[in-house]
Amino acid sequence: MQKSARIRYGVKRLRLETFRNYELVDVVLDPGFNILVGSNAQGKTNLLESLYALATTRLLRGMRDYEAIREGAPSARIEAELIDTGTLLGLNYVRGGRKRAILNGMPLPRAADIMGRLPSVCSSLADMPIVAGEPSERRMFIDLELSQLEPAYLRHLAHYKRALEQRNALLKSAQEGYRDPEAFIPWEKHLGAHGAALRAIRTRFVSALAPLALDVHRFLGSGETLDIRYSPRDAAMTESEVLSALDQSRGQDIARGTTTIGPHRDDLSIEIEGREARIYGSQGQQRTAVLALRMATLQYGSEALGSPPLLLLDDILSDLDEGRRSRLVDWISSHAGQAVLTCTETDSIGEAIMGRATIFDVKQGTLARR
């Protein structure tokens, strides 16, 4: 459990303009541990969310981009100077418009073009659906992590989603009248190629993640086994197998108006002591499993990238019992590079981190370094 000597992925300086409840913030972050302390609804999570948005282009809470804009303001901006490279990474939000990604002052064609420049792992109380929720939640977990860690994955995912949208549109139009089967073939070829690539990368990722998650789960002191596996909904894994399955399912897909074959329907199996965690796991077991998944992803990212991704922890320590909290703090202290943690009281952090952390007090959208 040795921590990387060099921190490559993190933020040196962060600037927020009319983002959430912040009017203006310009702060230099510590390359190690940063703790945001304050009462609820003061802006701790908002600041952490700005870093998450730069990493993933998504808001941590809420799916609508306009929610990022401070009430009464026409726009919002996030800008960060990255550790190691000095790259300036930004996101601009405009009320009534689309968000734009900015790289060194230049706008990028798509917001997704900044993904991978600030790889991160984020854990919050909103993570529970990864274990307890629907398959879409687990697919999102896989997609967001791999899109940050592997540029090829993001390209395959974008092409696959585009082809899936087009084939589904053809399926629905075929319900209203005859469509030449040849119209489906170009999109099905894209689904075959990119779908097979997605499944191959996902399978490799989950296979590597499984033993890491088991080790973390054991370290946290549960005394129980944790088994994760990638679970395709159909047997078509190679490009030719996907193409054949799509051809054979076209009739029933037209009747349903949607594509029933492919990685967009797959799941991640999570079992504790051989039983499906979603159904049989207690809330405490599910929470420990989620933490193990997130910390295993941090370790996987460290090994894949050569340095730990940015770690974001949103008020998760106070929700753990003393034993698990102490062990998680020890694990983070050994494995994290730059980390940003939020809490209402520093008592939950532990000396292993507090002794070398920079602490910021957050109050009513203002930030003050202690």
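Below: a short report on this structure. (Residues numbered from 1 in each chain as written. Predicted model: local features only at pLDDT ≥ 70, side-chain atom pairs only at ≥ 80, totals over all residues. Heavy atoms only, no water.)

1. A short note on the overall build of the chain
Move 1: If you tally the helices and strands in the chain, you get 10 helices and 15 strands.
Move 2: For a compact globule of 370 residues, the expected C-alpha radius of gyration is about 21 Å, and the chain comes in at 22 Å, within 12% of that figure.
Move 3: Scored against the burial criterion, the 370 residues of the chain give a buried share of 54%.
Move 4: Taking as baseline every contact in the chain between residues at least 6 positions apart, the subset at least 24 positions apart corresponds to 73%.
Move 5: Only carbon and sulfur atoms are counted for the fraction: they give 48% of the accessible area of the chain, which is about 16,300 Å².
Move 6: Treating the 48 positive side-chain charges of the chain as one cloud and the 47 negative ones as another, the clouds have centres 4 Å apart. (Helix = DSSP H or I, 4+ residues; strand = E, 2+ residues; numbered from the N terminus. Rg over C-alpha atoms; globule rule 2.2 N^0.38 Å. Buried < 20%, exposed > 50% of the residue type's maximum accessible area, 1.4 Å probe, protein only. Contact = heavy atoms within 4.5 Å. Areas by Shrake-Rupley, 256 points an atom, 1.4 Å probe, with all protein chains shown as cover. Lys, Arg positive; Asp, Glu negative; His and termini not counted. Charge placed at Lys NZ, Arg CZ, Asp CG, Glu CD.)

2. Here's the deal with the packing of helix α4 (residues 151–174) against helix α6 (residues 239–256)
Move 1: It is at 9 Å that the axes of α4 and α6 come closest, and there the two elements cross at 50°. With respect to their mutual orientation, α4 and α6 come out oblique. Where α4 crosses over α6, the two elements pack in a sense that is right-handed. When α4 is examined against α6, the residues R167, L171 and A174 are found in contact with a partner set consisting of L246, S249, R250, D253 and I254.
Move 2: Partitioning the contact of α4 with α6 into residue classes produces 4 nonpolar, 1 polar and 3 charged. (Axes fitted to C-alpha atoms, helices over the stretch in contact; angles between N-to-C directions. Parallel < 35°, antiparallel > 145°, perpendicular 65-115°, else oblique. Left-handed = near helix turned anticlockwise from the far one by under 90°. Nonpolar A, V, L, I, M, F, W, Y, C, P; charged D, E, K, R; others polar.)

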